[in-house]
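# Overview (structure and organization)
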Amino acid sequence: MNPFSPTRLHDDYVVLEPLRLDHVPALEAAAADGELWNLRVTSVPPPGQAHDYVANALQGQADGHMLPFAIRETGSGDIVGTTRYYEIAPELPRLAIGYTWYAKRWQKSHLNTACKRLLLEHAFETLGCVAVAFHTDELNEDSQRAIERLGAQREGVLRAHKRRPDGSLRNTVCFSILAEEWPNVDNWLHTRLNRLAPHT
């Protein structure tokens, strides 16, 4: 079996489900919480375009360089966003985590830490990755701080790397975590999650 096949990841806080076309209505609703498509530094599908967004992600999966997920918050049972593995290089192996967005009400909560811990754990402990990368817009300072809080190391900036949805040129900030750094990062994420997550 291909280790990079779609898989379901979960903990007490979140379920990462292999992305499917039937997630489209829920993703439309999640994106509408905060009208996320209006944010210049993200690539959230505007109304009516979530189907194409999911279809493109699934094409990347079929082509072997992406594994997209829908994010389900366990307490409510709601789909609240999406994330994916991309730039999968199975010969190393190595991959990147990104295309991540959450409904506004879940931003800056424990959810991002929970999602990233699951994705990193699977990448390092099941897939055997030597490194995991993160990329974000140089203008997206919130995202950069969130990646740094995960324990990732900043590597540098790719200038004029790609175009934003509005056509402007984007500089991309690159971060990574190496396999040998994962145990310390894992301990830190467990500590952070215990502090941030709601307790009953």
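First things first, this report covers the structure right here in the doc. (Residues numbered from 1 in each chain as written. Predicted model: local features only at pLDDT ≥ 70, side-chain atom pairs only at ≥ 80, totals over all residues. Heavy atoms only, no water.)

### As for the overall build of the protein
Put simply, the rule reads: Elements are defined by DSSP. Helices are runs of H or I of four residues or more, strands are runs of E of two residues or more, and each kind is numbered from the N terminus. Radius of gyration: over C-alpha atoms. The globule rule applied is 2.2 Å multiplied by the number of residues raised to the 0.38 power. Residue burial is assigned from relative accessible area. The probe radius is 1.4 Å, only protein chains are included, and a residue is buried under 20% of its type maximum, exposed over 50%, and partly exposed in between. The contact criterion used throughout is that any non-hydrogen atoms of two residues lie within 4.5 Å. Where accessible areas are quoted, they stem from the Shrake-Rupley method and a 1.4 Å probe; at the residue level, only the protein chains shown are allowed to cover.
A count of helical and extended segments in the protein gives five helices and eight strands. In sequence order, the protein lays out its α and β elements as β-β-α-α-β-β-β-α-β-α-β-β-α. Its C-alpha radius of gyration of 16 Å places the protein within 12% of the 16 Å reference for a compact globule of 200 residues. Taken along its principal axes, the extent of the C-alpha atoms in the protein is 45 × 40 × 35 Å. Every one of the 200 residues in the protein was classed for burial, and the buried ones make up 47%. A separation of at least 24 residues holds for 60% of the contacts in the protein among residues at least 6 apart in sequence. Carbon and sulfur atoms form 49% of the exposed surface of the protein, whose accessible area is close to 10,000 Å².

### Thoughts on the sheet that holds strand β3 (residues 66-73)
Our working definition: We call two strands paired when DSSP finds no fewer than two bridges between them. Interaxial angles span 0 to 180 degrees and are taken between N-to-C directions of axes, which are lines fitted to C-alpha atoms, for helices over the stretch in contact.
If you trace the eight strands from one edge of the open sheet to the other, you get β1-β2-β3-β4-β5-β6-β8-β7, paired in mixed fashion. The open sheet is flanked by β1 (9-10) and β7 (153-163), the only strands paired with a single partner. Relative to strand β8 (residues 169-178), β7 runs antiparallel, the two sharing seven bridges. Within the sheet, the bridge partner assigned to Lys162 lies in β8 and is Arg170. Contacts from helix α2 (residues 50-62) reach β3, β4 (79-89) and β5 (94-102) within the one sheet, and its direction differs from that of β3 by about 130 degrees. The strands that helix α3 (residues 111-126) touches are β1, β2 (14-18), β3, β4, β5, β6 (131-137) and β8; relative to β5, the one it contacts most, it runs at about 160 degrees.

### Observations concerning the pattern of salt bridges
Counted only if it meets this: The term salt bridge refers to a side-chain nitrogen of Lys or Arg lying within 4 Å of a carboxyl oxygen of Asp or Glu.
The tally for this structure, following the rule as stated, stands at nine salt bridges. In this structure, Asp33 engages Arg105 in a salt bridge whose closest nitrogen and oxygen atoms are separated by 2.7 Å. With Asp33 in the loop between α1 (24-32) and α2 and Arg105 in the loop between β5 and α3, the pair connects residues that are 72 residues apart, well separated along the chain. Judged by its relative accessible area of 47%, Arg105 is partly exposed. Residues Arg145 and Asp142 are paired through a salt bridge, measuring 2.5 Å at the closest nitrogen-oxygen approach. Of the two residues, Arg145 and Asp142 are both situated in helix α4 (residues 141-150); the distance of three residues between them amounts to about one turn of the helix. Given the relative accessible area of 39%, Arg145 is considered partly exposed. Taking the relative accessible area as the measure of exposure, Asp142 reaches 40% and is therefore partly exposed.

### Some words on the nonpolar core
This is how it is decided: By convention a nonpolar core is built from buried Ala, Val, Leu, Ile, Met, Phe, Trp, Tyr and Cys residues, the set being connected through side-chain atoms within 4.5 Å.
Core analysis: the biggest nonpolar cluster contains 52 residues, and Leu16, Tyr85, Leu95, Leu120, Val132 and Phe134 have the highest contact counts within it. Broken down by element, the residue count for this core peaks at eight residues, all from α3. The residues contacting Phe134, other than those within four sequence positions of it, are Ile97, Lys116, Leu120, Ile147, Leu150, Ala152, Val173, Cys174, Phe175 and Ile177.

### Focus: the environment of Leu27
The residue Leu27 is located in helix α1 in this model. A residue is classified by how much of its surface remains accessible, and Leu27, at 2% relative accessible area, is buried. Leu27 sits 77 residues away from Lys104 along the chain, and the two C-alpha atoms are 12 Å apart. Setting aside residues up to four positions removed in sequence, Leu27 forms contacts with Leu19, Val54, Ile79, Gly81, Thr82 and Trp101.

### Some details on α2
How we decide: To estimate how far a helix should reach, multiply one less than its number of residues by 1.5 Å. Note that the arc is defined by the directions from the helix axis to the C-beta atoms.
Taking 1.5 Å per residue, 13 residues should reach 18 Å; α2 reaches 18 Å between its end C-alpha atoms and fits that length. Residues Ala50, Tyr53, Val54, Ala57 and Gly60 constitute the buried set of α2. Along the axis of α2, the buried residues cluster in a sector spanning 115 degrees; they form a single face. When the buried face of α2 is taken as reference, the exposed residues oriented beyond 90 degrees from it are Asn56 and Ala62. Gly64 occupies a position one or two residues after α2 and carries a positive phi of about 90 degrees.

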